[in-house]
Amino acid sequence: MNNKNLSSHKKSEPESNVLYIVGTPIGNLNDLSTRALNILKNVSLIACEDTRQTKKIMAKFEFTNNLISFNKHNSLKKIPRIINDLNSGKSIALVSDAGMPSICDPGEDLVKDVKKNGIKIICIPGPCAAITALVSSGLPSSKFTFEGFLPKKKLERARILLEISKNEKSTIIYESPHRLINLLSELKKFCGGQREIEVSRELTKIFEEHIGGGIDDVIKKLENREILGEITIVIKGRKNSNNLNDNDFSKIKEELIELVEAGLSLSSAAKYLAKKKNISKNQIYNLY
Ligand code: SAM
C-alpha cells in the first residue's frame, strides 16, 4: 500500500459537527456497507474501541484515518474532548470492535451526552449479532427481548432467568463459549428442557454454526465437544395459554392424569401444571 493510493479515494464528505455511529462487521469484513466505508474514510477522526480492530478494517479497505481510542476504561475522560471536537466543526465516527456501537459495547454515554449538547447524530446501521441470530433462528422474531450478557451476581441472574422463563417473546442472550453449557443448564432449570432455543456460533464467519432444538437436545449436542468462538442464544418465548391448541390441551390432560395416578392430589397436580403451562388452575380442572 502506498500513501498516495490510501488517500486517493473519492470524497463524500461527512457533515461537520456530526457524530456518526457506524455499524461494523461481526466477523466477515465484507459486511461493511459502502456508506459506512465512505464515512470512515472521510470523517475527521474515528473513535474506536480498540485501534487494532479498526486498523484491520482500514487495511482491508486500504485507507487511513485518525484514530482515538474510546472504550469503557477511558470513556469518561474522552467524552468532553469528543464533544469539544464536534463543537469545533469536526465530524467523528464512533465504532466498536464489532457490530453496532452501544449494543453491549461502548457508546451509550457518549451518544447521551452528545445529544444533551444539542449536537447532531447520524447512525450508519450495520450488522448486530443479536439480530443476525434472531432472524436466522426460525423462532418468532417480530417481538423480542434482548438481555445482552446475563449479570454474574447470583440473585440478579436468577431474577432475569425467571423473567426469561415467563417471557412470551423470544429472548436473545450473549454468552462466552466457556460459560455456554452452564448457561444452558440454568435455562433448563428455569424454562424446562423442552423449551426451544437456538445457539448461533461464529455468525458470518467460516465456521458459522446454528444448533437448535429443545434445551435438552442442544445440551446433548454440545456437552462433549469443545466450544469455541462467539456465541449468541435465542430462546423461544413461553407459550401463552391463548395460543394453546386442542393438541396442547390433550397433552396437558394426559400429564394431569399421569400425575394424579402417580398419587398427586388433583389440586397439587393442577397447581403444578397451571404454573408450568402458564394457564389458570380452572382451565386444568375443566380438562379433568
Ligand atoms: N456490538 C456487538 C453487536 O452489535 O452485536 C456486540 C458486542 S458484545 C461485546 C460481543 C458479544 O456479541 C459476543 O460475546 C457474542 O456473544 C456476540 N457476538 C458477536 N459477534 C458474534 C458472532 N459473529 N457470532 C455470534 N455471536 C457474536
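Calculation rules
- Residues numbered from 1 in each chain as written.
- Predicted model: local features only at pLDDT ≥ 70, side-chain atom pairs only at ≥ 80, totals over all residues.
- Heavy atoms only, no water.
- Domains from an automatic or database assignment.
- Near = heavy atom within 4 Å.
- Polar contact = N/O pair within 3.5 Å; in protein donor to acceptor, adjacent residues only side chain to side chain.
- Areas by Shrake-Rupley, 256 points an atom, 1.4 Å probe, with all protein chains shown as cover.
- 1 Å grid on protein atoms, 1.4 Å probe; cavity = no way out; pocket = protein on both sides within 12 Å on 5 of 7 lines; lining within 4 Å.
- Sits in = over half its atoms within 2 Å of the grid points.
- Helix = DSSP H or I, 4+ residues; strand = E, 2+ residues; numbered from the N terminus.
- Nonpolar A, V, L, I, M, F, W, Y, C, P; charged D, E, K, R; others polar.
- Axes fitted to C-alpha atoms, helices over the stretch in contact; angles between N-to-C directions.
- Parallel < 35°, antiparallel > 145°, perpendicular 65-115°, else oblique.
- Left-handed = near helix turned anticlockwise from the far one by under 90°.
- Contact = heavy atoms within 4.5 Å.

## Some points on the domain arrangement of the chain
Assigned domains of the chain: these are domain 1 (16-127), domain 2 (130-235) and domain 3 (241-287). Centre-to-centre, using C-alpha coordinates, domain 1 lies 53 Å away from domain 3.

## Quick word on the site of the ligand
By nearness alone, 19 residues border the ligand, and Asp 105, Ala 129, Tyr 174, Ile 231 and Thr 232 come closest of all. Taking Ile 103, its main chain carries an N or O atom lying 2.9 Å from a nitrogen atom of the ligand. At 2.8 Å from an oxygen atom of the ligand is found a side-chain nitrogen or oxygen belonging to Tyr 174. Calculation on the ligand without its partners gives an accessible area of 570 Å², and the protein chains cover 90% of this total. The pocket occupied by the ligand, as judged from atoms lying within 2 Å of grid points, is the second largest pocket. Counting only elements with at least two residues in the shell around the ligand, the list comes to β7 (170-175) and β10 (231-235). Its residues assigned to classes, the shell around the ligand shows eleven nonpolar, three polar and five charged. Residue contributions to the shell around the ligand reach at least three from each of two domains, namely domain 1 (16-127) and domain 2 (130-235).

## Describing the packing of helix α7 (residues 154-166) against helix α8 (residues 180-191)
At a minimum axis distance of 9 Å, the contact between α7 and α8 shows a crossing angle of 60°. Taken as axis vectors, α7 and α8 run oblique relative to one another. Along this stretch, α7 crosses α8, giving a crossing that reads as right-handed. On α8, the residues touching Arg 157, Ala 158, Leu 161, Leu 162, Ile 164 and Ser 165 of α7 are Leu 183, Glu 186, Leu 187, Phe 190 and Cys 191. Of the residues belonging to the contact of α7 with α8, the class tally is eight nonpolar, one polar and two charged.

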